Amino acid sequence: MKLRSVRLSLRFVLPLALVLGVFAYAVVPMMDNLTLRWFVRDLDIRSRFLAGALEEPLLDYVQQKERRKINQLFDRAIQDERLYALAFCDTAGKLLYKTKTYPDALGCWHTPQKKGEAESLVSMPQGSLHVAASPMLQDGKEVGKLILVHDVSFIEKRSADTKKYVISLFALLAVVISFITVFIAHASLRGWVQSLRDVLRGDILQPLQAPALPEIQPVIGDLRSLLRDLNVERRGRDDMSSTWTPDTLRSLLRNELAGDEVLVVSNREPYIHEATPNGIEVRRPASGLVTAVEAVMRACSGTWIAHGSGSGDRQTVDRQNRVQVPPSNPSYTLRRVWLSKDEEQGYYYGFSNEGLWPLCHIAHVRPVFRSSDWDRYVAVNRRFADAVIAEARTDDPVILVQDYHFALLPRMVREALPRATIITFWHIPWPNPESFGICPWREELLEGLLGSTILGFHTPFHRKNFIETVDRYLETRIEGEASTISYGGKLTQVEHYPISIAWPEANASGIGSTATLHADVRHELGLGEGHLLGVGVDRMDYTKGIIERLQAVERMLELHPKMIGRFTFVQIAAPSRSSLDEYQNFEARVRGLVQRINQRFSNGNYQPILLKAEHHDQDQLQRYYRAADVCVVSSLHDGMNLVAKEFVAARDDERGVLILSQFTGAARELHEALIVNPYHIEQGADALYRALTMPADEQRERMRSMRSLVKDFNVYRWAGRMLLDAARLRQRERVMTKIRSHSRASLRRVV
Ligand code: ADQ
């Protein structure tokens, strides 16, 4: 046995021996007492028996006063080694006859009345003696009494022997019980350890296998979830060990995915060609999704399939509707899909943005579901799925499906390309099952998404909501801890991958130093050098909390009038989905509010809010990010929010304060921001004032910490983690296929 086992056994045996020792210590005196009582009772009976046997000859001799014969009778009787002495007393209590051994001190023994037999024991110099007096009767009349004295030293000897046996018995019992218990404990421990090992080794990709021991079932869930967390943490640490760059991503594709084909599908295209009077112009859309995925595509090459929405798009593609992008430095293919006005209306504006967008964002705007929109949504998903299938050069490409516009596409592609690795990323929040349940086509959407190999969300919370929704509305097998869903014999891994941005290379922007920008931007806006500047950058969308943000600015100016004339807030809002009523109303409300606040606090040229409701290119945004004292992100609900990360990345001077809504995915990572509840206007106002008066040291400390996080957890890591997981699953699938074909071949040989 190993030292550990010996120690384990001792740890068990010693307490057991101790318990048994204490037990023996309490029991032995009891046993002693009991055996003594048995022996005394035995001697009492024996004495009566002997007296009966001696009575007749003794009385004869006494009557005849035959002293010699009486002595002979007595001497013969005490030949018995236990009978020590005899004596005879007359009724007057006079000792008439006795053996030599009879102790004088006993005299004519007077039997204690109604006392315990033990009291017939006397202690004499020669040892313990048992004394019993038996009346001798002649014709029914007492003529004297015979006193019988037994030597009880044998009782002590026997008692000592009994004690010895009892103690030995207990000791033996202790040893036997200990060994049996230790043996059983060892055996079950080995079973447990084996089962735990199986669980630990049983990769979370094999969650459907039941563990060997039923006793381990109750903890298996906790164990797996612990493992998962450890795995995630380890993976995070492994990832941390290297800084993720486009090169890391490229080598991952080369080494882990053996150069497999990568296809991206999204609604929004990364480059929009617009026909203008000056010719074709290229525009980058204001979209978090495009910002992130474009960086990845530049690194990975491959084909990006998207809706060709620009007025000059058709003029710039080849016969296969393809164009190489980025225009300045082509590195991947953009394949455009054309949609009719009707399709775009139903699928994009209707079902996606009037239905799914408000359904998934808790921003108190009612989703609208129309059957006609749904029909378009299904048809357009089919169109894009067909485009993906047509673009695939192999039967097992890696397909990155982007966002809520294509919930049905994963299953459609899976049916045509069963070996494809489909990674679907849901860029917006996923609501709880009750909220999602109001969608009339909830089952179809869930089934569509479960065609994915991997389904990604920004946060663990959205992932959990999705799993619970599936659990509520579909018959599936869910391994919550392993985060897998098995549906129709196919497994989908549901994970969270927080999205990020590409970390800007030092001095890459060429837009000048923060110090010069600080002055330049203020100058452009007609503000003085020391003027305090806040910035908000969003699509004009009701989920972004623009109204609440402006109300917070107003409240701050109310509470701190000294800021009037000293502080200006620039709200940059790119037009978005402006053909929808909800968005038009929203924009009108924003404009109205800006006007009201400006009227209230304006003074000469001074206006506290500058609304720039137009698209800005990245350089312009960078200038604002770097010139601002504070950036406010106050979304009412947001999957991640990349503006928060862009602001942090832009601040290489380690200055500036980020105010961040607690309802963004980014708030789970950027803890050093001033986190606010955007619905709480007072809190927003306080945060704004605190940001504007925050000492430089504190700004630096907070900004430094956030910068280091965003730098490490950049968009390449986001994509890298998904692709690594995909590579792992593909590897496993290949091994399984080999095993399957091998066993089929063996079976054929046997047959
Ligand atoms: P969006 O809702 O588009 O993204 P966000 O993450 O903030 O939100 O990204 C907006 C992007 O558009 C940023 O890159 C920003 O620079 C750019 N942008 C905003 N206003 C602009 C303007 N006026 N002019 C030019 N560019 C502008 C969705 C989800 C988010 C999630 C992203 C990525 O709603 O929660 O973070 O996808 O997954």
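Placed above this text is the structure.
Residues numbered from 1 in each chain as written. Predicted model: local features only at pLDDT ≥ 70, side-chain atom pairs only at ≥ 80, totals over all residues. Heavy atoms only, no water.

### Description of the pattern of salt bridges
Turning to step 1, where the next piece is worked out: By the definition in use, this model includes 44 salt bridges.
Turning to step 2, where the next piece is worked out: Here arginine 442 ties to glutamate 443 by a salt bridge, and the two come within 3.1 Å at their closest N and O atoms.
Turning to step 3, where the next piece is worked out: Residue arginine 442 is classed as partly exposed on the basis of its relative accessible area, which comes to 24%.
Turning to step 4, where the next piece is worked out: It is possible to trace a salt-bridge network through shared partners that takes in Glu554, Arg555, Glu558, Arg596, Arg600 and Glu682. (Salt bridge = Lys/Arg side-chain N within 4 Å of Asp/Glu carboxyl O. Buried < 20%, exposed > 50% of the residue type's maximum accessible area, 1.4 Å probe, protein only.)

### A look at helix α18 (residues 642-650)
Turning to step 1, where the next piece is worked out: Burial within α18 is extensive, with 9 of its 9 residues counted as buried.
Turning to step 2, where the next piece is worked out: Listed in full, the buried residues belonging to α18 are Leu642, Val643, Ala644, Lys645, Glu646, Phe647, Val648, Ala649 and Ala650.
Turning to step 3, where the next piece is worked out: Looking at the buried positions of α18, the neighbouring elements they touch are α6 (288-300), β18 (532-539), α17 (618-627), β21 (630-633), β22 (657-661) and α20 (696-712).
Turning to step 4, where the next piece is worked out: Here α18 starts with a cap whose side-chain oxygen sits 3.0 Å from the backbone nitrogen of valine 643, and that cap is asparagine 641. (Helix = DSSP H or I, 4+ residues; strand = E, 2+ residues; numbered from the N terminus. Contact = heavy atoms within 4.5 Å. Polar contact = N/O pair within 3.5 Å; in protein donor to acceptor, adjacent residues only side chain to side chain.)

### Description of the side chain of threonine 568
Turning to step 1, where the next piece is worked out: When you line up the elements, threonine 568 lands in strand β19 (residues 567-574).
Turning to step 2, where the next piece is worked out: At 2.7 Å, the side chain of threonine 568 and the side chain of histidine 531 are in polar contact.
Turning to step 3, where the next piece is worked out: Non-local contacts of threonine 568, meaning those with residues more than four positions away in its chain, are made with Leu527, His531, Leu532, Leu533, Gly534, Tyr606, Gln607, Pro608 and Leu610.

### Description of the sheet that holds strand β2 (residues 95-98)
Turning to step 1, where the next piece is worked out: Taken in spatial order, the 5 strands line up as β2-β1-β5-β4-β3 in an open sheet, and their pairing is antiparallel. The sheet is open, and its two borders are formed by β2 and β3 (121-124), each paired with just one other strand. The mean inter-strand angle of the sheet, taken between neighbouring strand axes irrespective of direction, is 30°.
Turning to step 2, where the next piece is worked out: Across 7 bridges, the pairing between strand β1 (residues 83-90) and strand β5 (residues 141-151) is antiparallel. Looking across to β5, one finds that alanine 85 is bridged to valine 149.
Turning to step 3, where the next piece is worked out: Each of β1, β2 and β5 is contacted by helix α2 (residues 67-77), which is oriented at about 55° to β2, the strand it contacts most. (Pairing = 2+ DSSP bridges. Axes fitted to C-alpha atoms, helices over the stretch in contact; angles between N-to-C directions.)

### Notes on the state of the cysteines
Turning to step 1, where the next piece is worked out: Considering all chains together, one arrives at 1 disulfide under this definition.
Turning to step 2, where the next piece is worked out: Between the sulfur atoms of cysteine 89 and its disulfide mate cysteine 108 the distance is 1.8 Å. Its torsion about the S-S bond being -110°, the disulfide of cysteine 89 and cysteine 108 is classed as left-handed. Placement of cysteine 89 in strand β1 and of cysteine 108 in the loop between β2 and β3 is noted, with a sequence separation of 19 residues between them.
Turning to step 3, where the next piece is worked out: Its relative accessible area of 0% is what places cysteine 89 among the buried residues. (Disulfide = S-S within 2.5 Å.)

### Considerations on helix α16 (residues 581-601)
Turning to step 1, where the next piece is worked out: The end-to-end C-alpha distance of α16 is 30 Å, a good match for the 30 Å that 21 residues give at a rise of 1.5 Å each.
Turning to step 2, where the next piece is worked out: The set of residues buried in α16 consists of Tyr583, Phe586, Val590, Leu593, Val594, Ile597, Asn598 and Phe601. Buried positions in α16, seen along its axis, are confined to an arc of 125° and lie on one side of it. Exposed side of α16, more than 90 degrees from the buried face: Asp581, Arg589, Gln595 and Gln599 are the residues found there.
Turning to step 3, where the next piece is worked out: In this fold, the buried residues of α16 make contact with α8 (341-360), α15 (546-559) and β20 (609-612). (Expected span 1.5 Å × (residues − 1). Arc of directions from axis to C-beta.)

### Some words on the pairing of β22
Turning to step 1, where the next piece is worked out: By the criterion of burial, β22 is predominantly enclosed, with 5 of the 5 residues buried.
Turning to step 2, where the next piece is worked out: Of the two faces of β22, the one carrying Val657, Ile659 and Ser661 and the one carrying Leu658 and Leu660 are both buried.
Turning to step 3, where the next piece is worked out: The pairing of β21 with β22 spans 4 bridges and is classified as parallel. Residue cysteine 631 lies in a different strand from β22, and its bridge partner there is leucine 658.
Turning to step 4, where the next piece is worked out: The β-α-β motif built from β21, the intervening α18 and the parallel element β22 has right-handed crossover chirality.
Turning to step 5, where the next piece is worked out: Bridge analysis of β22 against strand β23 (residues 674-676) gives 3 bridges, and the strand direction is parallel. (Right-handed = clockwise from strand over helix to strand, strands pointing away.)

### Here's the deal with the site of the ligand
Turning to step 1, where the next piece is worked out: His427, Arg539, Asp638, Leu642 and Glu646 are the nearest of the 29 residues found near the ligand.
Turning to step 2, where the next piece is worked out: Here lysine 544 contributes a side-chain N or O atom positioned 2.9 Å from an oxygen atom of the ligand.
Turning to step 3, where the next piece is worked out: Alanine 574 places a main-chain nitrogen or oxygen 3.2 Å from a nitrogen atom of the ligand.
Turning to step 4, where the next piece is worked out: When isolated, the ligand has an accessible area of 710 Å², and the protein chains bury 97% of it.
Turning to step 5, where the next piece is worked out: Looking at the shell around the ligand, the elements with two or more residues in it are α6, β18, β19, α17 and α18.
Turning to step 6, where the next piece is worked out: Residues that form the shell around the ligand fall into these classes: 13 nonpolar, 10 polar and 6 charged.
Turning to step 7, where the next piece is worked out: Each of two domains, domain 2 (246-337 + 378-496) and domain 3 (514-713), supplies a minimum of three residues to the shell around the ligand. (Near = heavy atom within 4 Å. Areas by Shrake-Rupley, 256 points an atom, 1.4 Å probe, with all protein chains shown as cover. Nonpolar A, V, L, I, M, F, W, Y, C, P; charged D, E, K, R; others polar. Domains from an automatic or database assignment.)

### Re the packing of helix α9 (residues 371-391) against helix α10 (residues 409-416)
Turning to step 1, where the next piece is worked out: α10 packs onto α9 with a crossing angle of 40° between their chain directions and a minimal axis gap of 9 Å. With respect to each other, α9 and α10 are oriented oblique. Both α9 and α10 take part in a crossing whose hand is right-handed. Each of Val378, Asn381, Arg382, Phe384, Ala385, Val388 and Ile389 in α9 lies in contact with α10, whose residues at this interface are Leu409, Met412, Val413 and Ala416.
Turning to step 2, where the next piece is worked out: For the contact of α9 with α10, the residue count by class is 9 nonpolar, 1 polar and 1 charged. (Parallel < 35°, antiparallel > 145°, perpendicular 65-115°, else oblique. Left-handed = near helix turned anticlockwise from the far one by under 90°.)

Geometric values such as these leave the question of function open.
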